[in-house]
Every structure is written in structure tokens, then in C-alpha cells.
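These are the residues of each chain, in order.
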Amino acid sequence: MQIFTTVAEFRAWRKTAGYLAFVPTMGNLHEGHISLCAAAKARGGKVAVSIFVNPLQFGQGEDYQSYPRTFEEDCAKLEAAGVDALFHPTVDQLYPRVEQQYKVEPPAIQDELCGHFRPGHFRGVATVVTKLFNIVQPDSAMFGKKDYQQLKVIEGMVADLDMPVEIVPVDTGRADDGLALSSRNGYLTAEERAEAPRLYRNLKKIADALAAGATDFVQLTQAARADLENHGWRVDYVEIRDQDRLEHARPGDKRMVVLAAARLGKPRLIDNLEIEL
Ligand code: PAF
């Protein structure tokens, strides 16, 4: 695997690469990321991964400074996954000007769900993904469904701005007890880790109820919220939305997604489940 830390070096390599599938990450790689690499590999061409903890998508008081940085271990995992190239720029490489002047502004969806609790987050994501696409120039890019709202923002951005990249959604990797794999799971104590699958279990309960024909969305989401709060969680939201535009779901909708975000001890965990009726 070749490792590049500057834009110029990566661009020179890219010219020789042919079909390129891309996996953007912030490092601290787990099985979920490796399944994104496998999906990239399955495209049949070369695979590039980026590791960059993007300051623009972290808010005041969030974990930018302490975000786990595990570069050596990450490289070993990417080698084993058969990745061809790793782009690992410094903050100065990607943001050479103190104040990045031009930003990519997602529409109103950026202020809902996670965006409501993390103002500016999706602007930061859309901006860095645009920059990475411009540098890496991939034919396709893999995004995990765990960050469902991020996936939708990127799909919308690529469609509206005619970016020549195919976005490939990849299913969420889960532990045996259902917990969605996340770098932030590392913040959980042993006791919290045992409690953490409750988030998934509540989503599953709502999904099963919807599949069985339930239509009282308020009752379903409030019951999940209450169960989590009774077990020490601080819940940001539990919501049922439509899969395509993330608008509030209505009885009769066929393609829905139930999404939740809640804090358990230090980390804020997010998860979601798609439901097709
Ligand atoms: O999902 C992530 O890890 C990040 O938001 C991404 C897409 C790499 C942008 O920094």
C-alpha cells in the first residue's frame, strides 16, 4: 500500500490508477470500515482510503482533540484489506488558509436530526468530502448507512452539484448483540458496553411494530425514548422518517427509516434501521 501525505503526490498516483473506488474515513478503523474497503475492492479496480480527522465537522466542546488517532494499527488493517493507496494529509495540507473561505452549504436537512444537535457539522462534512473528491477523483465512493443522514447529504450534494462520483451505500456493521460498530464505542466503560445494544433493540422494536402495521409514530418513538431514559441514556432524538428525503414519515409510507441518537456516559451513539413495507 502506498501512503501519500500531500495532495500533489496523491494526484500523481491517481493519474496512473484507472478505475478508483474510494473510502473516506477519520481513522481508528474497525470492522465497519473494513467492510467499506471490501465493497470498494468488489468494484474491481484500485482502492484508495483517506484518513483525516476533519476539524471543520466538529463543534465547540466536541471530541476533535481527543478523537482516537491510531495510524499504525490502521495502516496494518488497510494493508491486510488489500487497499492500494492511503491519503493521509495534515490539517495544513487540506486547510492551508487559516479560515477556509469557500464552504459547501447543504440545504435545510443539515439543521435537523443530528444537525440540530451539531450545528455546522454537515457543512463541515460536505466541504471536506467535496475537497477529498476533488483530490482523489474517485469513480465511486463508499459510505456506511450507520451515518444515514451523512449518506443522504452526500447523495444530495453529488446529485445537485453534478459530481461525477457514484455513491455506494454499505450496510451497517454490527456486533453480535446488535450494537452498531463505531469508533466512539471505544469510549464506553464495560458496564456501558453491556447496556449499549438497548439502542438497537429499541429501533428493532419500532421496525417490527411498523412491519406489523402500527401507525402511531408518536407513541412508538416516545416509548423508545422512555425506555432509554429509564436506563440512564440522554436521548437527542428517536424519529421515523422517509428514506429518500428524510422528511417526517406518514402512515402509508412504504420506505421508512427509524433513526436515533443518544448519549450513554461519554459517547453519543447513533443508529438507524431501514424498513420497507
Ligand atoms: O464518516 C466519516 O468518517 C466522516 O464524516 C467523513 C465522511 C470521512 C468526512 O470527514
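Re the sheet that holds strand β9 (residues 268–276)
In sheet architecture, strand pairing relies on hydrogen bonds along the backbone and comes in two forms, parallel and antiparallel.
Line of reasoning, step 1. The strand order across the open sheet formed by three strands is β7-β8-β9, and the pairing between neighbours is antiparallel. A strand with exactly one partner marks an edge of an open sheet, and here the two such strands are β7 (234–242) and β9. Across this sheet, the average inter-strand angle for adjacent strands is 10°, counted without regard to direction.
Line of reasoning, step 2. Sheet strands in contact with helix α9 (residues 198–211) are β7, β8 (255–263) and β9, and its direction is about 20° off that of β9.
Line of reasoning, step 3. Running at roughly 155° to β7, helix α10 (residues 217–230) makes contact with β7 and β8 of the sheet.

A short note on helix α3 (residues 71–80)
Each α-helix turn comprises 3.6 residues. Residues three or four places apart therefore point the same way.
Line of reasoning, step 1. Within the sequence span of α3, burial applies to D74, C75 and L78. One face of α3 carries all of its buried residues, which in axial projection span an arc of 100°. Facing away from the buried surface of α3 by more than 90 degrees, the exposed residues are E72 and A80.
Line of reasoning, step 2. In this structure, the buried side of α3 is in contact with β1 (2–4), α2 (31–41), β3 (46–51) and β4 (85–87).
Line of reasoning, step 3. Directly after α3, the chain includes G82, whose backbone phi takes a positive value near 80°.

Here's the deal with the packing of aromatic side chains
Line of reasoning, step 1. Scanning the model with the defined rule gives ten aromatic pairs in all.
Line of reasoning, step 2. Look at F58 and Y67: their rings are 5.8 Å apart centre to centre, the planes differ by 75°, and that puts the pair in the edge-to-face class.
Line of reasoning, step 3. In this structure Y67 comes out as buried when scored by relative accessible area, which is 7%.
Line of reasoning, step 4. Taken together, a centroid distance of 6.5 Å and an interplanar angle of 75° make the contact between F133 and F143 edge-to-face. In this pair, F133 is assigned in helix α6 (residues 121–136) and F143 in strand β5 (residues 140–144), connecting sequence segments ten residues apart. There is no split in this pair, since F133 and F143 are both buried.
Line of reasoning, step 5. Cluster of aromatic residues (ring-pair linked, three or more members): F4, F10, W13 and F87.
Line of reasoning, step 6. Over the ring of Y64 we find R69, and its NZ or CZ is 5.0 Å from the ring centre.
Line of reasoning, step 7. The residue whose ring lies beneath K266 is Y187, and the NZ or CZ to ring-centre distance is 3.6 Å.

About the cut-offs
- Residues numbered from 1 in each chain as written.
- Predicted model: local features only at pLDDT ≥ 70, side-chain atom pairs only at ≥ 80, totals over all residues.
- Heavy atoms only, no water.
- Pairing = 2+ DSSP bridges.
- Helix = DSSP H or I, 4+ residues; strand = E, 2+ residues; numbered from the N terminus.
- Axes fitted to C-alpha atoms, helices over the stretch in contact; angles between N-to-C directions.
- Contact = heavy atoms within 4.5 Å.
- Buried < 20%, exposed > 50% of the residue type's maximum accessible area, 1.4 Å probe, protein only.
- Arc of directions from axis to C-beta.
- Phe/Tyr/Trp six-rings, centres within 6.5 Å; stacked < 30°, edge-to-face > 60°.
- Lys NZ or Arg CZ within 6 Å of the ring centre and 35° of its normal.

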